[in-house]
Amino acid sequence: MSGTSTATTTALYGGRSGRRVTVRDIAAAKERHEKWPMVTAYDAMTARVFDEAGIPVMLVGDSAAMVVYGYDSTLPVTTDDLIPLTAAVVRGSSRAMVVADLPFGSYQASPQQALETAARFMKEAGAHAVKLEGGQRVLPQVELLVSAGIPVIAHLGLTPQSVNALGGYRVQGRGQAGDELMADAKALQHAGAFALVLECVPEDLAQRVTTSLSIPTIGIGAGPYTDAQVLVWQDLMGLTPEPAKFVKRYLDLAGEMDRAIRAFADEVVSGAFPTREHSYR
């Protein structure tokens, strides 16, 4: 699998090669102190754009629950919902590592349930790795997946699948909770996770975790000191009406789409479209 490939010294972001980015490439970037970007993707055409831009890792996130399926949280999305999206992203890319989120209820019951779910993503969708949320309680799941040859990204801090238990979407890891998060991070690394997402934690805690681990950290609302940064692509491109504080908008895509669709509609109504240029004869 991906862990057996030879690591490359080529930069993760923007690099070109005839093969997929691997776990060893990710580890090598940590050793070089190289920062790298990660984004979500949910379809083949978007994945192709990001892949050609050199994005080294794409996450088919359970955030699809909101941005694709229109739910209010990540909780309702299922494995059956995410497998076709993951397969599309794999087909639309040729270099990026494609990571599948294990959705709520698909791995928490037991390590065996986690293995069955992850195996579906690998076999049916072609995913190269999976991501799951939680600390101590998911260590057996991580250990079994890794022993079965499935690369795992762990996720601590604000874990959206546990939003009801956490009391809403708020910063995690302040005070004593920071020591607990640090212990969870080290335990997940020991269990075999090859990377760790830190979501909505204080930047000083994220920095301490990053320097304490040999595996890379991936920040989302965790400040500038993590090894990588991940955002939902609809957030960074301005499709989300009210993004979180940690989101920087790089494009007003919603505004551009609004202008384009209005121009199309106006030309249809006026008869200006289609012209002979856009007609067969």
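Note that the coordinates shown come from a computational prediction; the quantities given were computed from them, not determined experimentally.

**Q** How would you explain the overall build of the chain if you had to name every residue and give the values?
**A** Broken down by element type, the chain carries 11 helices and 8 strands. The C-alpha radius of gyration computed for the chain amounts to 20 Å, which stays within 12% of the reference 19 Å derived for 281 residues, consistent with globular compactness. Projected onto its principal axes, the C-alpha positions of the chain cover 65 × 45 × 35 Å. Across the 281 residues that make up the chain, the buried fraction comes to 51%. Expressed as a percentage of contacts within the chain between residues at least 6 apart in sequence, the contacts between residues at least 24 apart total 57%. Element-wise, carbon and sulfur atoms account for 56% of the exposed surface of the chain, whose accessible area totals about 13,600 Å². Side chains of the chain give 25 positive and 30 negative charges; the mean places of these two sets differ by 5 Å.

**Q** Now, about the UniProt feature "active site" (unreviewed entry) in the chain: what can you tell me, with residues and values included?
**A** UniProt records the feature "active site" (unreviewed entry) for Glu199 in the present numbering. Look past the residues within four positions of Glu199 in its chain and what remains in contact with it is His155, Leu156, Gly157, Leu158, Pro160 and Ile220. Here the side chain of Glu199 touches His155 through a polar contact of 3.0 Å, side chain to side chain.

**Q** Help me get a handle on the packing of helix H6 (residues 139-147) against helix H8 (residues 176-191), residues and values and all.
**A** It is the contact of H6 with H8, at a shortest axis distance of 9 Å, that shows an interaxial angle of 25 degrees. As summarised for this structure, H6 and H8 are arranged roughly parallel, according to the angle between their axes. In this structure, H6 crosses over H8, and the sense of that crossing is right-handed. Between H6 and H8, the contacting residues are Leu139, Val142, Glu143 and Val146 on the first element and Ala187, Leu188 and Ala191 on the second. Residue composition of the contact of H6 with H8, by class: 6 nonpolar, no polar and 1 charged.

**Q** Describe the UniProt feature "binding site: Mg(2+)" (unreviewed entry) in the chain, naming the residues involved and giving the relevant values.
**A** UniProt marks Asp62, Asp101 and Glu133 with the feature "binding site: Mg(2+)" (unreviewed entry), using the numbering shown here. The largest pairwise C-alpha distance within this set of annotated residues, which runs over 72 residues, is 11.1 Å, so the set is compact in three dimensions. Every residue in contact with Asp101, bar those within four places of it in the chain, is listed here: Leu59, Val60, Gly61, Asp62, Leu82, Phe121 and Lys131. Tracing the backbone shows Glu133 in the loop between strand S4 (129-131) and H6. For Glu133, a relative accessible area of 1% corresponds to the buried category.

**Q** Can you lay out the environment of Leu188 for me, pointing to particular residues and giving the numbers?
**A** Its location among the elements puts Leu188 in helix H8. Discounting residues that sit within four places of it in the chain, Leu188 has contacts with Gly134, Gly135, Val138, Leu139, Val142, Ala154, Leu156, Ala193 and Leu196.

**Q** How would you explain the nonpolar core if you had to name every residue and give the values?
**A** With 81 residues, the main nonpolar core has Leu145 and Leu196 as its most contacted residues. Leave out the neighbours within four places in its chain, and Leu196 touches Ile153, Ala154, His155, Leu156, Ala185, Leu188, Val209, Leu213, Ile215, Pro216, Thr217 and Ile218.

**Q** Describe the packing of helix H2 (residues 44-52) against helix H4 (residues 79-92), with residues and values.
**A** Helix packing for two helices is described by the angle between their axes and how far apart those axes are. Two numbers describe how H2 lies on H4: the axes approach to 7 Å, and their chain directions differ by 40 degrees. With respect to their mutual orientation, H2 and H4 come out oblique. Crossing hand, H2 versus H4: right-handed. Packed against H2, whose contacting residues are Ala44, Ala47 and Arg48, the element H4 presents Ala88, Val89, Arg91 and Gly92 at the interface. Class assignment for the residues of the contact of H2 with H4 results in 4 nonpolar, 1 polar and 2 charged.

**Q** Outline a nonpolar patch on the surface, listing residues and values.
**A** There is a patch of nonpolar side chains on the surface, built from Met66, Val67, Val68, Tyr69 and Tyr71 and spanning about 390 Å² of accessible area. Checked against the element boundaries, Met66 lands in helix H3 (residues 64-67).

**Q** If you had to explain unusual backbone geometry to someone new, which residues and values would you point to?
**A** The peptide bond linking Phe273 to Pro274 adopts the cis configuration, its omega dihedral lying at 5 degrees. Mapped onto the elements of the fold, Pro274 is located in the segment after helix H11 (253-270). Unusually for a residue other than glycine, His33 sits at a positive phi of about 60 degrees. With respect to the secondary-structure elements, His33 resides in the loop between helix H1 (23-31) and strand S1 (36-40). One non-glycine residue with positive phi stands out, namely Cys200, at about 50 degrees. On the secondary structure map, Cys200 appears in the loop between strand S6 (195-199) and helix H9 (203-212). Look at Cys200 and you get buried, because its relative accessible area is 11%.

Conventions we followed
- Residues numbered from 1 in each chain as written.
- Predicted model: local features only at pLDDT ≥ 70, side-chain atom pairs only at ≥ 80, totals over all residues.
- Heavy atoms only, no water.
- Helix = DSSP H or I, 4+ residues; strand = E, 2+ residues; numbered from the N terminus.
- Rg over C-alpha atoms; globule rule 2.2 N^0.38 Å.
- Buried < 20%, exposed > 50% of the residue type's maximum accessible area, 1.4 Å probe, protein only.
- Contact = heavy atoms within 4.5 Å.
- Areas by Shrake-Rupley, 256 points an atom, 1.4 Å probe, with all protein chains shown as cover.
- Lys, Arg positive; Asp, Glu negative; His and termini not counted.
- Charge placed at Lys NZ, Arg CZ, Asp CG, Glu CD.
- UniProt positions renumbered as here; feature names shortened; annotations may be inferred.
- Polar contact = N/O pair within 3.5 Å; in protein donor to acceptor, adjacent residues only side chain to side chain.
- Axes fitted to C-alpha atoms, helices over the stretch in contact; angles between N-to-C directions.
- Parallel < 35°, antiparallel > 145°, perpendicular 65-115°, else oblique.
- Left-handed = near helix turned anticlockwise from the far one by under 90°.
- Nonpolar A, V, L, I, M, F, W, Y, C, P; charged D, E, K, R; others polar.
- Core = buried A, V, L, I, M, F, W, Y, C linked by side-chain atoms within 4.5 Å.
- Patch = residues over 30% accessible without salt bridge, like charges linked within 9 Å, V, L, I, M, F, W, Y side chains within 5 Å.
- Salt bridge = Lys/Arg side-chain N within 4 Å of Asp/Glu carboxyl O.

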